[in-house]
Amino acid sequence: MTIKEIFETMDYGPAPESAADALAWLVDMGDRFGHFINGEFTAPGDGFDSKNPATGEVLATLSQATQGDVDAAVTAARKAQGPWAALGGAGRARYIYAIARLMQKHARLFAVLETMDNGKPIREARDIDIPLAQRHFYYHAGMAQLQDSELQGREALGVCGQIIPWNFPLLMLAWKVAPAIAMGNTVVLKPAEYTSLTALLFADICRQAGLPKGVVNIVTGDGAVGEMIVNADVDKIAFTGSTEVGKRIRAATAGSGKALTLELGGKSPYIVFDDADLDSAVEGLVDAIWFNQGQVCCAGSRLLVQETIAEKFHARLRARMDKLRIGNPLDKCIDVGAVVDPVQHARISELVGACTEGDIHQAAIEMPASGCFYPPTLIEGLTPSDPLMQEEIFGPVLVSTTFRTHAEAIELANNTRYGLAATLWTENVNLALEVAPKLVAGVVWVNATNLFDAAAGFGGVRESGFGREGGWAGLMAYTKPAGKVAKLAPIAAFEGSSSEMPDAIDRTAKMYVGGKQARPDSGYSKPVYGPKGKLLGHVGIGSRKDVRNAVEAAAGAKAWSKTTGHLRAQILYYIAENLSARADEFAARIDAMTGKKGGKAEVEASLDRLFSAAAWADKFDGSAAGVPMRAVALAMHEPVGSIGVLCPDEAPLLGLISAMAPAIAMGNRVVLAASEAFPLVATDLYQVLETSDLPAGVVNILTGPHADLGDTMAKHLNLDAVWSFSGADLSAKLEAASAGNLKRTWVNNGTAFDWSKDQSRRFLEAATEVKTIWVPYGE
Ligand code: NAI
């Protein structure tokens, strides 16, 4: 055969990778695995088989962890955590580096084992999963080294429960374990039941690296074991998996004080504009949806192609699909391997089988005679509301539709409950940089797709979850502000019976919604008394309808998010100026309400917080990560959106300003529920806001019972976050109610916040989402 003929037929012979070493390792380990607890493998217990999905062959038997196993793992992790943290960042860096080196030395064993266990092509396991997992440990060895100097004031959370899926078994382990142990936490990790083998090999590596006992513990089993970890005495849960289970975990951990990060599903758009390099975009699409058989949370599973080039693009795509090679995943020439398990195969078949609209094209390729294989599939001509356009299929199935204008492309792209990733292809740099910020997603790839690196944050918005993994942002999720927290002492409003008018002329404090004073929808008000029972005024009893009006007003003030940090700083300074002009009046109001003499200092501190927020408004910037490829990953700070805040009683003005100022500095709009015990200082504030050039709807102030207002806020689909510093501990209720749309929450869990200290940075972080935008860069 001539070379020309070979290129024409592209007929490759098989190039299988040997399974011998991986099989030998399994035999060495006894083919039956217990758990890895306190630095040792436990005796195997009752369990289940782990199979190779390409052949159906049983690879090993795994143990289903019992409650006793999970408890033992958590106890070991708890005991190890103090000494591990006390080693210091530099001490831990040595161990993490040793793990990275050992993973590198055993790279091929990891790759082959991963391929056999998961069904992914060896080419991917060898060239992507395993090197990226190593890179994560190298990178975080560095982060541990830098922790003491660069992350002063933050410390480890404690014991982290980590639950991972089956699509990137070792890589997801690396994303979870490396940052956790780098920051001084210890972990109890559960791999997915279909794919636990590389996690057990990793446990072996930890042993070889001499990692102190109990720092990494691995328990195997199904969702029931996951639930045990969620309910265990751990300080954080990090989960990657389906949105459905993510919501269950949110509800289960509500009010527990456990930190939570969720990396969930997606239906990520893949946008091809008419000026794109079409061949590259087709190749990108192969990576977007046929990489790992489409079992990728950020898979570009929704193709949006400009109408003028749609026919040409689809034709090239179909031609490319028909050249994909599917088969033995251990064969180095294979493009598409096996789906992880017959259960997943059945789920994909069922979803595609239910498709009644659209044209289905399945790659005209030779399928393996047996094994868990699903052909690359393209479905064209679906309407945007079709279930297949909205639901995550998690298989090698691409759905496609067309758009006419750029605006329509953006609208279609964002027409989803998810917000994990998005890809766009155009040769026009202006268009790319105009569209990228408008896509509602945690990650955007420009003229590339499915790029990952330890230095670049990864994670979603909306129902794709919250928290970031990777980069500096990822470390926030494994650390907390250092120091002890005090219990919050509830403050009750003063009682009184006096009906004496507070002023010569009655002035009933109104709420402030959409830039206007607003009466409560309920038509009810309640008196506010001073410490000696003197009537100070009345405030409206806000209810559900008032929250809705305020959220609507906040939504209407969207333009605020597009203003510059410089402009927002000017307005914050102006608010400070106007508050300062009335400082005595506000101080007197605080003193009259609280019966203390702290008003003057509180106003002074509030002015200071306004100045801090103004200072940060044009400085709390993103960064650019130097990733090891021909690209740069921009970590852009975006506002969260509309934030509901239940303001504290301990510092009725300072607490409100401390939350409001950084939130609006970052371009958010806020709905503030005034302190329940001392609301009048918040209602006075509207006069300051009104005279400070703040656009209507950016700040809305309600009064009324926090329990009712908070509940409506937590359930409202158009509020993006809820923060509660309420005197009544509503944390459990708010977090449970927020599970519906996975709203971001920041609640006090009955602990006090030190309002006397400027902690603007914490608010700025809670007020921003990191969007990672990957753009081609350099040679
Ligand atoms: P899953 O979300 O049930 O499993 C992920 C992990 O969570 C596994 O380790 C599992 O054992 C554990 N788990 C299950 N139920 C749990 C519970 N109640 N509490 C704690 N842990 C629990 O995903 P599954 O069933 O394997 O796949 C179903 C669908 O989920 C897929 O078809 C796909 O659409 C989606 N999925 C998305 C992933 C992503 O990365 N976004 C990863 C895996 C699945």
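About the criteria used
- Residues numbered from 1 in each chain as written.
- Predicted model: local features only at pLDDT ≥ 70, side-chain atom pairs only at ≥ 80, totals over all residues.
- Heavy atoms only, no water.
- Helix = DSSP H or I, 4+ residues; strand = E, 2+ residues; numbered from the N terminus.
- Expected span 1.5 Å × (residues − 1).
- Buried < 20%, exposed > 50% of the residue type's maximum accessible area, 1.4 Å probe, protein only.
- Disulfide = S-S within 2.5 Å.
- UniProt positions renumbered as here; feature names shortened; annotations may be inferred.
- Salt bridge = Lys/Arg side-chain N within 4 Å of Asp/Glu carboxyl O.
- Domains from an automatic or database assignment.
- Contact = heavy atoms within 4.5 Å.
- Buried area = accessible area lost by both parts, 1.4 Å probe.

Visitor: Quick question: what am I supposed to make of helix α8 (residues 197–208) here?
Guide: Given 3.6 residues per helical turn, the α-helix brings residues three or four places apart onto the same face. In this model, α8 (12 residues) spans 17 Å end to end at C-alpha, consistent with the 16 Å of a helix rising 1.5 Å per residue. Within α8, 10 of the 12 residues are buried, which leaves it mostly tucked inside the rest of the structure. Those residues of α8 that sit buried are Leu-197, Thr-198, Ala-199, Leu-200, Leu-201, Phe-202, Ala-203, Asp-204, Ile-205 and Cys-206. A positive backbone phi angle near 70 degrees is found at Gly-210, which sits one or two residues after α8.

Visitor: Any chance you could explain the state of the cysteines here in plain terms?
Guide: Under the counting rule described, the total for this entry stands at zero disulfides. Here Cys-298 stays unpaired: no disulfide links it, and the sulfur of Cys-297, its closest cysteine neighbor, is 4.6 Å away. Among the residues examined, Cys-298 registers a relative accessible area of 2% and is labelled buried.

Visitor: When you look at the UniProt feature "domain: Aldehyde dehydrogenase" (unreviewed entry) in the chain in this model, what are you seeing that I'm missing?
Guide: As recorded in UniProt, the feature "domain: Aldehyde dehydrogenase" (unreviewed entry) lies at residues 48–480 and 532–750. Along residues 48–480, the helical share is 44% and the strand share 18%, with 38 Å between the first and last C-alpha atoms. As annotated, residues 532–750 has a helix share of 48% and a strand share of 18%, and its two end C-alpha atoms lie 28 Å apart.

Visitor: I'm lost on the pattern of salt bridges in this one. Help?
Guide: Opposite charge on two side chains lets them pair, provided their charged atoms get close. A full pass over the atoms with the stated rule returns 34 salt bridges. Residue Lys-213 pairs with Glu-40 through a salt bridge whose shortest N-O separation is 3.4 Å. On the criterion of sequence distance, the pair formed by Lys-213 in the loop between α8 and β8 (216–218) and Glu-40 in strand β2 (residues 40–41) is long-range, its members being 173 residues apart. With a shortest N-O distance of 3.6 Å, Glu-193 and Lys-190 are connected by a salt bridge. The class for Glu-193 is partly exposed, based on a relative accessible area of 27%. We classify Lys-190 as buried; its relative accessible area is 2%. By sharing partners, the salt bridges in this structure join Lys-247, Glu-391, Arg-417 and Glu-463 into a single network.

Visitor: So what exactly am I meant to see when it comes to the domain arrangement of the chain here?
Guide: Often, the extent of an interface is quoted as the loss of accessible area upon association of its parts. Under the domain assignment used here, the chain contains domain 1 (32–264 + 476–481), domain 2 (269–459) and domain 3 (508–619 + 641–747 + 756–767). For domain 1 versus domain 2, the separation of C-alpha centres amounts to 29 Å. Across the contact, 28 residues belong to domain 1 and 34 residues belong to domain 2. Contact between domain 1 and domain 2 buries roughly 2,600 Å² in total, counting both sides, with carbon and sulfur atoms accounting for 63%.

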